[in-house]
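Chain by chain, the residues run as shown.
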Amino acid sequence: MGAMLVRHFFTTTAAHGGRAIRGLALQTRGRQGRLWTRDRRQCSDIAHKTGDGCGMQRLHHEAAATSTSVGKPPAPSLYLRTKRGDNAGEELEAQPLDMDQPYPAQTDDGYHTLSFYSFFEMTEQTVGALRDRMQTEWGASNSSIVSDKPKDTLGVVGRIYVCGEGINAQLSVPTQNTRALRQWIETDRTLRGRIPRFNWAIEHRKAFKALHVRARPLVAAGAHVDMETLRHEPEYLDPDQWDHELQAMKEADSGTELAPLVVDMRNNYEARIGRFEGAVCPDTDTFRDELDAVRSMSPDKKRPILMYCTGGIRCSVAGAVLRADGYETVKTLAGGVIAYGRHVRARPAGAAPSLFHGKNFTFDKRLGEPVTEHVLAECDQCGSPCDAFTNCANTSCNLLFIQCADCAEKHHRTCGSSLCIERASMTHEQLIANRMGPLWDYRSRIHPEKVFGRDWIARVEKLAAAAAAAQSKQNGS
């Protein structure tokens, strides 16, 4: 079979640290799909496979079969793509380009939403170079849907964190570029062989406005979590295994002192709109608070712990920290509520009901995706059943709260204060001329139940007056 062009989606030159870098040009030769890397000096033979090929089931069964005894970290698995003694930057073999199939169905706005994370070592220089490459070559050149006209980027929008311990990404990708994204990954010398199957969202649409690639910790743990700690992986369970564990707990005597602890590792507001049956949802605002809460609830390190979060990374980190601290049995839902939600939707009619009820909160424009039809929360303004999170349309307020459609119309998509209603109607130019700093600190902004009350409008007005006075003083200085 002769040489065949598979994809040549851009050729561009971008300045990075004073040197020019060629854009990505991919070609295939022969049946084995010979892929040339960005500089065309190296190539990798990649067999084109369908299905999940090297996927999740095999990796996670291998992980489950390893020892989880204290002091003996499990073998590398789905999310840990480095071995003890590896040199930072070691190159791995490329993975099959079709490993993410089947792709989700075509969406209304032409975007797939997905996430992934992986733990591996990088030097500071490698982190900076990777960040620059992804920002330049992945980011959308404009906000329009990718057309038939050649583009110089992949058109990706979303949020990516990279650091010396790996990568964490939440993205929306034009559907026609989804496979090209995997091609880019498997030809990049830093990422090749290190990114597991994409964790497809439950619902797909453009969930971000732009692409932001940041060099920062993968999760806000409150302290540095190094690779030695991350090697103490928790045991990963697929949705069926997770259901089995929860069902066994329901049927067992839960009054014993060492009964398994099922804990929601998300922030308190996330659990308001959706959670698993029997889970403990600590009233915490940060990941660090969650870890402290787990230690407090389970001082006996022999007590089994089962944990879940949105997409899995918080539990991977928390599970590793707890196991490194001596906790003997820590299990987590692989892929988080996102993977569980897809599993629930794919179940045949008559299957066992979902043990997760409600919505999965998301940190993007969607602010949630439904897993089941249960509505667990109430509108923070009128008390009617509702699970639709929103932010006050006054960006200086930006209060995160639940608001029904009637209250959204009545209060002009704001928290309801006259100040916020007025500012929400201002033009961009008027807002610039009347700048105002944030009204709330982080903890107040995510606790509407503490903000709303008989005197809350008066407090908003007082805060606004103080913010305006501070801004006026700054402008006059």
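In what follows, the structure referred to is the one given above.
Conventions we followed
- Residues numbered from 1 in each chain as written.
- Predicted model: local features only at pLDDT ≥ 70, side-chain atom pairs only at ≥ 80, totals over all residues.
- Heavy atoms only, no water.
- Helix = DSSP H or I, 4+ residues; strand = E, 2+ residues; numbered from the N terminus.
- Buried < 20%, exposed > 50% of the residue type's maximum accessible area, 1.4 Å probe, protein only.
- Contact = heavy atoms within 4.5 Å.
- Areas by Shrake-Rupley, 256 points an atom, 1.4 Å probe, with all protein chains shown as cover.
- Core = buried A, V, L, I, M, F, W, Y, C linked by side-chain atoms within 4.5 Å.
- Polar contact = N/O pair within 3.5 Å; in protein donor to acceptor, adjacent residues only side chain to side chain.
- Axes fitted to C-alpha atoms, helices over the stretch in contact; angles between N-to-C directions.
- Parallel < 35°, antiparallel > 145°, perpendicular 65-115°, else oblique.
- Left-handed = near helix turned anticlockwise from the far one by under 90°.
- Phe/Tyr/Trp six-rings, centres within 6.5 Å; stacked < 30°, edge-to-face > 60°.
- Pairing = 2+ DSSP bridges.
- Salt bridge = Lys/Arg side-chain N within 4 Å of Asp/Glu carboxyl O.
- Expected span 1.5 Å × (residues − 1).

A. Highlighting the overall build of the chain. Summing up its helical and strand segments, the chain has 15 helices and 20 strands in all. Out of the 477 residues in the chain, the part that is buried amounts to 51%. Long-range pairs, those at least 24 residues apart, make up 69% of the contacts in the chain with a sequence separation of at least 6. Of the roughly 22100 Å² that the chain leaves accessible, carbon and sulfur atoms contribute 50%.

B. Structural detail: the nonpolar core. Core analysis: the largest hydrophobic core is formed by 33 residues, its most contacted members being F119, M265, F287, M307, V317 and L322. At the level of secondary structure, the elements contributing two or more residues to this core comprise β7 (111–119), β8 (157–163), α4 (227–230), β13 (261–264), α7 (287–297), β15 (305–308) and α8 (313–324). Counting residues per element, this core draws most heavily on α8, which supplies seven residues. Setting aside chain neighbours within four positions, we find V317 in contact with F119, V219, V225, L230 and F287.

C. Region of interest: the side chain of S172. Along the polypeptide, S172 turns up in strand β9 (residues 166–174). Engagement of the side chain of S172 in a polar contact is seen with the backbone oxygen of R205, the distance being 3.3 Å. A polar contact of 3.0 Å, which involves the side chain of S172, links it to the backbone nitrogen of A207. S172 has contacts with Y111, H112, T113, G155, V156, V157, R205, K206, A207 and F208, leaving out every residue within four places of it along the chain.

D. Up close: the packing of α7 against α8. Close contact between α7 and α8 brings their axes to 11 Å; oriented N to C, the two are set at 45°. Put simply, α7 runs oblique to α8. The chirality of how α7 crosses α8 is right-handed. Here F287, L291, V294 and R295 of α7 come into contact with α8, specifically with R314, V317, A318, V321 and L322.

E. View of the packing of aromatic side chains. For the structure shown, the criterion picks out 16 aromatic pairs. An angle of 85° between the planes, with centres 5.3 Å apart, marks the rings of W138 and W184 as edge-to-face. Of this pair, W138 sits in helix α2 (residues 124–138) while W184 is found in helix α3 (residues 178–187), placing the two residues 46 residues apart along the sequence. Classification of W138 by relative accessible area gives buried; the value is 0%. Among the residues examined, W184 registers a relative accessible area of 0% and is labelled buried. An aromatic cluster is defined as three or more aromatic residues linked by ring pairs; in this entry it consists of W242, F276, Y308, Y340 and F356.

F. Inspection of the sheet that holds strand β17 (residues 356–360) at higher detail. Overall, antiparallel pairing links the three strands, which are arranged β14-β17-β18 in an open sheet. Strand pairing shows two members of the sheet lacking a second neighbour, β14 (274–276) and β18 (369–370), which therefore form its edges. Of the pairings in the sheet, the one linking β17 to β18 comprises two bridges and is antiparallel in character. If you follow K359 over to β18, its bridge partner there is P370.

G. Just unusual backbone geometry, in detail. Residue P102 is reached from Q101 by a cis peptide bond, and omega for that bond is 0°. For P102, the location among the structural elements is in the loop between α1 (56–64) and β7. Here H412, not a glycine, exhibits a phi torsion of approximately 55°, which is positive. Position of H412 relative to the elements: it lies in the loop between α10 (405–410) and α11 (418–424). The backbone of R413 shows a phi angle near 60°, a positive value even though the residue is not glycine. Tracing the chain through its elements places R413 in the loop between α10 and α11.

H. Spatial organisation of the sheet that holds β15. Taken in spatial order, the four strands of this open sheet run β12-β16-β15-β13, and their pairing is parallel. For this open sheet the edge positions go to β12 (235–237) and β13, each flanked by a neighbour on one side alone. The mean angle between the axes of side-by-side strands here comes to 25°, regardless of whether they run parallel or antiparallel. Here three bridges tie β15 to strand β16 (residues 330–333), and the two strands are oriented parallel to one another. From the neighbouring strand, I305 faces β16, where its bridge partner is V330.

I. Structural view of the pattern of salt bridges. Throughout the structure, instances matching the rule amount to 24 salt bridges. Ionic pairing is found between E245 and K331, a salt bridge with its closest N-O pair at 2.7 Å. With E245 in helix α5 (residues 239–251) and K331 in strand β16, this residue pair connects regions lying 86 residues apart in the sequence. K331 gets classed as buried once you look at its relative accessible area, which sits at 15%. Between R443 and D289 there is a salt bridge whose closest N-O contact spans 3.4 Å. Of this pair, R443 sits in helix α13 (residues 442–445) while D289 sits in helix α7, placing them 154 residues apart in sequence. Salt bridges linked by common partners bring E91, R189 and R192 together as one network.

J. Seen up close, the side chain of Q95. Here Q95 shows up in the loop between α1 and β7. Its relative accessible area of 8% is what places Q95 among the buried residues. One polar contact links Q95 to R81, side chain to side chain, over a distance of 3.2 Å.

K. Fine view of α3. The element α3 is largely enclosed, with a buried count of nine among its 10 residues. Of the positions making up α3, those classed as buried are T178, A180, L181, R182, Q183, W184, I185, E186 and T187.

L. Geometry of α8. Over its 12 residues, α8 extends 16 Å from the first C-alpha to the last, a length consistent with the 16 Å expected when each residue adds 1.5 Å. Burial runs high along α8: 11 of the 12 residues are buried. Positive backbone phi, at 110°, marks G326, one or two positions downstream of α8.

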